Amino acid sequence: MATTDRQATTLALAHALSAAERGLAVIPLSRTKLPALRSPHRDDPDPAPCHGECGRFGHGVHDASTDPARIRELFAAAPWATGYGIACGLPPHHLIGIDLDTKSGTDSSAALRELALRHLFTIPPTVVVLTPSGGRHLWLTGPPEVVVPNSAGRLAPGIDIRGAGGYLVGPGSRTDHGVYSTAPGTAHIVPARCPRALLRLLLPPPRTHHPAPPSVGGHGQGLVQFVLAAHEGQRNTRLFWAACRAYEDGIGPALVDPLVEAALNTGLTEREARATIASAARMTGHRP
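Keep in mind it's a predicted model, so treat the numbers as computed, not measured.

J.: Please provide a residue-by-residue account of the pairing of strand β5 (residues 136-141), values included.
T.: Side-chain positions along a regular strand alternate between the two faces of the sheet. By the criterion of burial, β5 is predominantly enclosed, with five of the six residues buried. In the sheet, strand β3 (residues 95-100) pairs with β5 via six bridges, with the strands oriented antiparallel. For I96, the partnering residue across the bridge sits in β5 and is L140. Across three bridges, the pairing between strand β4 (residues 128-130) and β5 is antiparallel. The residue of β5 that forms the bridge with V129 is H137. Between β4 and β5, which pair antiparallel and follow one another directly, the connecting turn spans five residues, one of which, G134, has a positive phi of 100°. Bridge count for β5 against strand β12 (residues 192-193) is two bridges, and the pairing is parallel.

J.: A description of helix α6 (residues 235-248) should follow, citing residues and the corresponding values.
T.: Here α6 spans 20 Å end to end across 14 residues, near enough to the 20 Å set by a 1.5 Å rise per residue. The buried count for α6 comes to 11 of 14 residues, which makes it a mostly enclosed element. When α6 is considered as a whole, its buried residues turn out to be T237, R238, L239, F240, A242, A243, C244, R245, A246, Y247 and E248. Two residues or fewer after α6 comes G250, characterised by a positive phi angle close to 80°.

J.: Describe in detail the side chain of H93, supporting the description with residues and values.
T.: The residue H93 is located in the loop between β2 (83-87) and β3 in this model. Accessibility expressed as a relative area gives 17% for H93, which makes it buried. A distance of 2.6 Å separates a polar side-chain atom of H93 from the backbone oxygen of R22. In contact with H93, not counting residues within four places along its chain, are R22, G23, L24, T141 and G142.

J.: Can you lay out the sheet that holds strand β1 (residues 26-29) for me, pointing to particular residues and giving the numbers?
T.: One open sheet accounts for three strands, arranged β1-β2-β8; its pairing is antiparallel. A single partner strand is all that each edge strand has here, and the edge strands are β1 and β8 (167-169). Direction aside, the axes of adjacent strands within the sheet are offset by 35° on average. Bridging between β1 and β2 involves four bridges; their strand directions are antiparallel. Bridge pairing in β2 links I27 to G85. Strands in contact with helix α2 (residues 68-77) are β1 and β2; relative to β1, the strand with the most contacts, it is inclined by about 15°.

J.: Help me get a handle on the environment of P171, residues and values and all.
T.: Tracing the sequence through the fold places P171 in the loop between β8 and β9 (174-175). Considered as a pair, P171 and L199 are 28 residues apart in the sequence and their alpha carbons are 24 Å apart. Excluding residues within four positions of it along the chain, P171 makes contact with H15, Y84, I86, V129, W139, Y180, S181 and T182.

J.: So, the environment of V190: which residues are in play, and what are the values?
T.: Mapped onto the secondary structure, V190 falls in the loop between β11 (181-182) and β12. When its relative accessible area of 59% is taken as the criterion, V190 is described as exposed.

Criteria and thresholds
- Residues numbered from 1 in each chain as written.
- Predicted model: local features only at pLDDT ≥ 70, side-chain atom pairs only at ≥ 80, totals over all residues.
- Heavy atoms only, no water.
- Buried < 20%, exposed > 50% of the residue type's maximum accessible area, 1.4 Å probe, protein only.
- Helix = DSSP H or I, 4+ residues; strand = E, 2+ residues; numbered from the N terminus.
- Pairing = 2+ DSSP bridges.
- Expected span 1.5 Å × (residues − 1).
- Polar contact = N/O pair within 3.5 Å; in protein donor to acceptor, adjacent residues only side chain to side chain.
- Contact = heavy atoms within 4.5 Å.
- Axes fitted to C-alpha atoms, helices over the stretch in contact; angles between N-to-C directions.

Okay, here's the thing in structure tokens:
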């Protein structure tokens, strides 16, 4: 490996460890901005879904960690890495990334300002990362019980959202197109809370539904099983998602107690579970 590549890897690891000290879970990235480690299941004829349960590296954002020893192991397994990714949606920050792109030929910053005027919100001072192409990444935080999905251009042309299951290229990363850097004066700012009006725009619109019969049926049981299958670190997000789907499908009130019971089985307290379900009810326009 060339000396410059070794230097880039060393710098990427240093920046990744610094981000981890701030509670940001990281993974190594290649120069193409993709996870540096390939899936260990890529050659399996019929691979079962795996998010790292097999114990091996190569599961993308599911490898993300704040543990310095694990981060060093990840980079040692990917000595070609020249950058790092920061996982979104994870505690304690529950990071949401607003990616203002310039490659589409649209003025994404103007589109965001227009949205802010129309929906009466302002973006507070927060971490801003400058991309080699001239774009910007705004870092915001969301409430722990809300799952913000990834999207591309749904909010407005040229605006991509990095949410749960996604990642942001960390400042200090080197790619084929240049280096990502923190905008002056924002490096040590704590990511700001996402404005409530903007948060509503980031969530998928409620699905139309028909009144459901009194019995919750198989769909309700499927939502309960979805919660029961939650691992530590995803219990609240799974419960919130399931409760939102239940309220959107007209079976929310009937499913409250089964969902609470399922959440208790995953290790949440009854107070935490009922608070998360109540938040889902409000988010979908229903009374808790």
